[in-house]
Structure formats: C-alpha cells, structure tokens
Amino acid sequence: MSTVLKTPEVQAATTYDVQKVREDFPILRQMVHGKPLVYLDNAATTQKPQAVINALVDYYQHDNSNVHRGVHLLSERATEAYEKARVSVQKFLNAADHREIIFVRGTTEAINLVAQTYGRKNVGEGDEIVITAMEHHSNIVPWQMLCEEKRSVLRVAPINDSGELLMDDFAKLLGPKTKIVAVPHLSNALGTINPIREIVRLAHAQNIPVLVDGAQAAPRMAVDVQELDCDFYAISGHKLYGPTGIGVLYGKTKLLEAMPPYQGGGDMIASVTFEKTLYNRLPYKFEAGTPDIAGVIALGAAVEYLEYLGLAKIEQHEHDLLAYATEKVSAIPGVKLIGTAKNKAGVLSFVMDGVHPHDIGTILDHEGIAIRTGHHCAQPVMQRFGIPATARASFGLYNTKEEIDVLIAGIKKVSEVMG
Amino acid sequence: MADLRDLYQEVILEHSKAPRNYRVLQSANHKAEGFNPLCGDHYTVYVDVENGKIRDIGFQGAGCAISKASASMMTQSLKGKSTAEAEDMFTRFHALVTGKNRNPEDLGKLTVFAGVSEFPVRVKCASLAWHALHAALQGKQEAVSTE
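Residues numbered from 1 in each chain as written. Chains lettered and ligands numbered in written order. Predicted model: local features only at pLDDT ≥ 70, side-chain atom pairs only at ≥ 80, totals over all residues. Heavy atoms only, no water.

Asker: Whenever I open this one, the interface of chain A and chain B confuses me. Can you help?
Answerer: Many structure descriptions define interface size as the accessible area lost when the parts assemble. Counting residues at the interface gives 16 residues for chain A and 20 residues for chain B. At the surface where chain A touches chain B, the tally comes to 1 salt bridge. One salt bridge in this structure joins Asp359 of chain A and Arg122 of chain B, with 2.8 Å as the shortest N-O distance. Inspection of the region where chain A meets chain B yields 8 residue pairs in polar contact (both at pLDDT 80 or more). Those elements giving two or more residues to the side of chain A that touches chain B turn out to be α12 (357-366) and α14 (401-418) of chain A. If you tally residues by element for the side of chain A that touches chain B, the top one is α12 of chain A, at 5 residues. Taken together, the residues of the side of chain A that touches chain B break down into 4 nonpolar, 9 polar and 3 charged. (Contact = heavy atoms within 4.5 Å. Salt bridge = Lys/Arg side-chain N within 4 Å of Asp/Glu carboxyl O. Polar contact = N/O pair within 3.5 Å; in protein donor to acceptor, adjacent residues only side chain to side chain. Helix = DSSP H or I, 4+ residues; strand = E, 2+ residues; numbered from the N terminus. Nonpolar A, V, L, I, M, F, W, Y, C, P; charged D, E, K, R; others polar.)

Asker: Quick question: what am I supposed to make of the sheet that holds strand β14 (residues 347-352) of chain A here?
Answerer: Within a sheet, neighbouring strands are paired by backbone hydrogen bonds and run either parallel or antiparallel to one another. Residue and element names in this part refer to chain A. If you trace the 4 strands from one edge of the open sheet to the other, you get β13-β14-β17-β16, paired in antiparallel fashion. Where the open sheet ends on each side, the last strands, each with one partner, are β13 (335-338) and β16 (372-374). Between one strand and the next, the sheet's axes are offset by a mean angle of 30 degrees, whatever the strand orientation. As judged from the 4 bridges shared by β13 and β14, these two strands associate in the antiparallel manner. The residue of β14 that forms the bridge with Val335 is Met352. The strands touched by helix α11 (residues 311-330) are β13 and β14; relative to β14, the strand with the most contacts, the crossing angle is about 10 degrees. (Pairing = 2+ DSSP bridges. Axes fitted to C-alpha atoms, helices over the stretch in contact; angles between N-to-C directions.)

Asker: Help me out: how do you make sense of the environment of Leu364 of chain A in this one?
Answerer: Residues and elements named next belong to chain A. Residue placement: Leu364 occurs in helix α12. For the pair Leu364 and Leu202, spaced 162 residues apart in sequence, the C-alpha to C-alpha distance is 43 Å. Among residues more than four places away in sequence, those in contact with Leu364 are Ile369, Ile371, Leu407, Gly410, Ile411 and Val414.

Asker: Can you walk me through helix α2 (residues 50-63) of chain A in this structure?
Answerer: Three- or four-residue spacings in an α-helix give side chains the same orientation, since the helix completes a turn every 3.6 residues. Residues and elements named next belong to chain A. Taking 1.5 Å of rise per residue, the 14 residues of α2 would be expected to cover 20 Å, and the 18 Å separating its terminal C-alpha atoms lies within 8% of that figure. For α2, the full list of buried residues reads Val52, Ala55, Tyr59 and Asp63. In the core, the buried residues of α2 are packed alongside α3 (73-93) and α10 (293-309). (Expected span 1.5 Å × (residues − 1). Buried < 20%, exposed > 50% of the residue type's maximum accessible area, 1.4 Å probe, protein only.)

Asker: Before we go on, may I ask you to explain the pairing of β14 of chain A in this structure?
Answerer: For a regular strand, the rule is simple: side chains alternate between the two faces of the sheet. Residue and element names in this part refer to chain A. Most of β14 is tucked away: 6 of the 6 residues are buried. Of the two faces of β14, both are covered, the one formed by Val347, Ser349 and Val351 as well as the one formed by Leu348, Phe350 and Met352. Summarising the sheet, β14 and strand β17 (residues 390-394) pair through 4 bridges and their orientation is antiparallel. Following the sheet pairing, Phe350 is matched in β17 by Ala391.

Asker: What should I look at first to understand the pattern of salt bridges in this one?
Answerer: Side-chain pairs of opposite charge can arise whenever the charged atoms involved come near each other. Residues and elements named next belong to chain A. Scanning all chains against the criterion turns up 26 salt bridges over all chains. A salt bridge links Arg120 to Glu149, with the shortest nitrogen-to-oxygen separation between them at 3.1 Å. One end of the pair, Arg120, is in helix α4 (residues 107-122); the other, Glu149, is in helix α5 (residues 141-150), and 29 residues separate them in sequence. Assessed through its relative accessible area of 40%, Glu149 is described here as partly exposed. The partner of Lys179 in a salt bridge is Asp127, with the nearest N and O atoms 3.5 Å apart. Within this pair, whereas Lys179 is found in strand β7 (residues 178-184), its partner Asp127 is found in the loop between α4 and β5 (128-132), the two being separated by 52 residues in sequence. Residue Lys179 is classed as partly exposed on the basis of its relative accessible area, which comes to 24%. Each of Lys35, Glu367 and Lys413 takes part in one network of salt bridges that share partners.

Asker: Any chance you could explain the sheet that holds strand β1 (residues 30-35) of chain B here in plain terms?
Answerer: All names here are of chain B. Within the open sheet, the 4 strands sit side by side as β3-β2-β1-β4. Their pairing is mixed. With partners counted over all chains shown, the strands left at the sheet margins are β3 (53-62) and β4 (144-145), one partner each. Sheet topology places β1 next to β4; 2 bridges connect them, and they run parallel. By the bridge assignment for β4, Phe35 is matched with Ser145.

Asker: Quick question: what am I supposed to make of the environment of His204 of chain A here?
Answerer: Residue and element names in this part refer to chain A. Position of His204 relative to the elements: it lies in helix α7 (residues 196-204). Since its relative accessible area comes to 24%, His204 is described here as partly exposed. Spatially, the C-alpha atoms of His204 and Asp229 are 9.3 Å apart, while their sequence positions differ by 25 residues. When neighbours within four sequence positions are excluded, His204 is seen to be in contact with Asp229, Asp231 and Lys252.

Asker: Honestly, the nonpolar core in this entry has me stumped. Any pointers?
Answerer: By size, the foremost hydrophobic cluster in this structure holds 77 residues, and its most contacted members are Leu93, Phe103, Phe170, Val181, Ile199, Tyr233 and Leu397 of chain A. When residues of this core are assigned to their parent elements, the largest contribution, 9 residues, is made by α10 of chain A. Each of domain 1 (2-47 + 310-412) and domain 2 (59-307) of chain A contributes no fewer than three residues to this core. Apart from residues no more than four positions distant in its own chain, Leu397 of chain A is found in contact with Tyr16, Val18, Val21, Phe25, Tyr241, Tyr305, Leu306, Leu309, Ile314, His317 and Glu318 of chain A. Counting 74 residues, the second-largest nonpolar core is a separate cluster that includes Leu364 and Ile408 of chain A together with Leu4 and Ile54 of chain B. (Core = buried A, V, L, I, M, F, W, Y, C linked by side-chain atoms within 4.5 Å. Domains from an automatic or database assignment.)

So this is what it looks like as structure tokens:
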C-alpha cells in the first residue's frame, strides 16, 4: 500500500489575530469618559492578560506558603512554582543557567543592586562609569550615587538629533579607567534601539563589563543574553505584561559569584553564627527575605504568555503599528516627532506647536486615549532636545491600527480645542 | 461628564497665548520659583511690594496652558492689592479650583478657572503660580514644589 502524503505549505504566520488577543486582557473592555479605552501608555506599564491575573489569584487561593523552608505540602508547591518561574524567565532571556536569574523589585532595583555590589567593589576614586545621553533616571542616579561615594566620574556618551547613540564618541569614552558601561537596550523616551552587540564588543575588548537596561526591550523583541553577551540585563515585570513590584536581574555566573551580597537577611545565608555568616549560593545570595512569591509566579505566567504569542510576532505587530502611526502623525501640521532613529520600536514621542504636552494629554484623555506626557523620567533627554516635555504614545501587543486612527483624530481635536 | 470647554475657556486660551505681565521685574523685592517636578512646569514670580501693597508684579517661565493663563490672570488681579488681600485671594482661588467653593466672592475674572475642579490632575497647574507668589511674599528663598 502506498499513500501519497501531500505536505501542505506550512508557513508560520507572521502575526496573530489581535482582536482575539485583546480578549485576553479584561481591562481593555471598558469605557473612559464615555469612549472606548485606547491604552497607549505601554512604556509606562502594560496591561495584564487573564493568565497573569489568574496566576496571582490561584497562588493565593491554593498554594500560598513560604518558599525554600517548609516541609509541608503547600510550601513544597509554592517553592516548586517559584522555581519553575525562574526557569521560565531563564528561557525567556536565554540565560545559560537558572542561577543567573535574580528576582528583584524591578529594573531600578536591579541596577541599584549592581551599582551597590559590583560597583562598590570594583569602582574606585578617579574611575569612570560610562552611560548614554538617552538614559531613564534609573540608569543615571544609581551610578551618580556610586560616583559620589567613590569620587569616581560619570561619563555620558552623546546622541545625535535623531536620538541615536554616536558610536565613535562612545568608543572614545572607553579606556583603562572605565569600570562599567550601562546602556538602555531601547530608550523609553525616544524609542531608539541601541546596537548592544557592538557596544558589548567594544567594551569587552577592554575588559569592561556591560549592564543593559532592558525594561523597554524585553516586552518588544526576543532577547538572548548569551547572543548579546552582556554581563547584566535588567527587566521589570510590569512592563512585560506581568505584575508590578517584580523584576529580574540577569548576571553572568562568574560576575555574580564574585559580587558581595546586596541585602542581608533570611534565605540569602548558608549558615549564621554571631561570629560569622556564610552566604547562600546563587541565586539566593541576592534574594534576602521572603520574596514576592506571587509576583514571581505571575511573572512566569507573563513570559510564558509572551512566548505563546511569539516575540517575533509581537515585534512585527508593534513594528507595523509604529510605522503606521509615524506616517500618520508626521503628516499632521505643527506636529514634530522627537526620536527618529532608524532602528526604533514601540515609542512615539511628539510635540505640537504652541500646545504644551500636558494639555495634549488632558484632551486625548477626554477621547478615551491614555498617553504619557512629561519628561518620562528622562530629563537629560528633554534637555538634549531643548524641550520641557513630550507627549508619548507607546504601543503594546494588543493595540490596533483602528486605535491609532483614534489617536490621530484625537491629536486633530487638540488643535481644534487649543485653537 | 466634564466638558473640555469648561477647562479650556476662551479667556484662558487667550491668556496662555498672550500672557500679561510676562517679564522679569527689575524693581522686584520679592521673588520665588514654582516648580512641578511631575510635568516640568516652571515659573518665577516677581513682586514689588511697598508699604504692604503690591505695586507691581510679573512672571516668567514655561508650562501648560492652564498654568500659564493662571499666572497671567493672577498678576492682573493682584496689582494694587495688599499682600494680605493677595494671600486671602489665594485661599479663595484654591477653594474654587478644588471644587470646595464654586462661588467664592471677589475673584472677578478668576472664576473662569472653576472648570479646573472637574479635572483633579490639573489643580496643581492652576495653582502653581499662586504657590510661588505665596512663597515670594513669605520671603522663602528655595523653589517651591507642588510635590
């Protein structure tokens, strides 16, 4: 018997059914000021799919218990779920080892952790730390605090008028005094995607470790920390469709092993006497105290959700939205985009002639459109462009072209109202 | 539902585009900065006080339509008033924009800001210049912040 097997042309879809995806997000089904909610503030925080909400509720309803210490069943279940989430995050970032995944409160705490442990140990008087002119305050202030304490120097790599890092100037800043480089993967105020591999290559050529602020990139593109070869990568759960108050510091084992602990307390110890305490192994050395167990488990659910949709598809979807919005918004008279890098994602910052961003925000809110206005915790970026603030629409995996049409109509309404 | 026109009244838009007394006052003997760190609005209010009376007043800075119009109309309303009257007016203006008193007396043109009370996040915009004025009259040196 012979059967002719006809292989159908199986082609992976390049995107997903966004209307169906929207059904996973209960918060989107609401009216704001009598209009359907158009949520375009995803760079500030993202909405949560039902799977994440369920993970929080299920944990508290069925498994709530402390981790790593109980002999009873609930503790066993909680510990298992907690450690399973660590493996999910490991896969999400493609880290080599699950012990390289440290749970923290968010990107801010992850950067502070590195500044206060790696930084305090390795940065001394006259040493230099290199950042960029497009940082969020969370990748400026922890280093400034360290510089103040150690009398070291913060050097800032400049950007051009499009909001792109000037790589030649960046390379020139690196030298024997440079002890760490800290850069954003994707700028929250401008949308610029930085060439992390090239940055890492330049820094590693001089044995300088690189920390990447991945808060905005992780929800928008597939991140592979081994491929990037960065030494630290920091992310926030709430910006990738997970809960607030939880985030991750990825660090290479070798560096993490050599770093002193961040905080002291329970869980981070191997043994304690009044004379001497032996610290626990990785990752627990950096997880003092009872962690945000529910947050970690729900973060695991969030990254699983993103992988189920597919990061490549999310990236494509948001790329299409940004291209569509960029074309439409730049065509409106009197509107100027801030941040026009060639390699860009997720974020559309703009200003309008004669109208302050705060007024744009209020008028759009009245149309049901949520955007962010202000300096976006990036005041030096605003100073670089000589503006006090911008209006920023930022896209998420559930946004649609129809919503961008609503935004465009809203911006036109701003001109009408403000005259 | 609050109407946008309750907030962006014609007179407010007109003042925001052509603010009055928008200048550094050379004769000022009181001066203070007002700053909203959340949105970056930033104004300096200059006051020339003589014998307890506001002889002249000016302001400069940058911010949204509401904060700029409020600063402009504040300076118009306060010329010639005593400092005590000015402080009292601030109290009544604050009651107006926070919705605690919808018909305060003697606020004159400033009652156009009544609509602000329907937009709670904009109360700080409307009162920023007044906070700076208060600081200036109290002789405080450091910038006042809305936070």
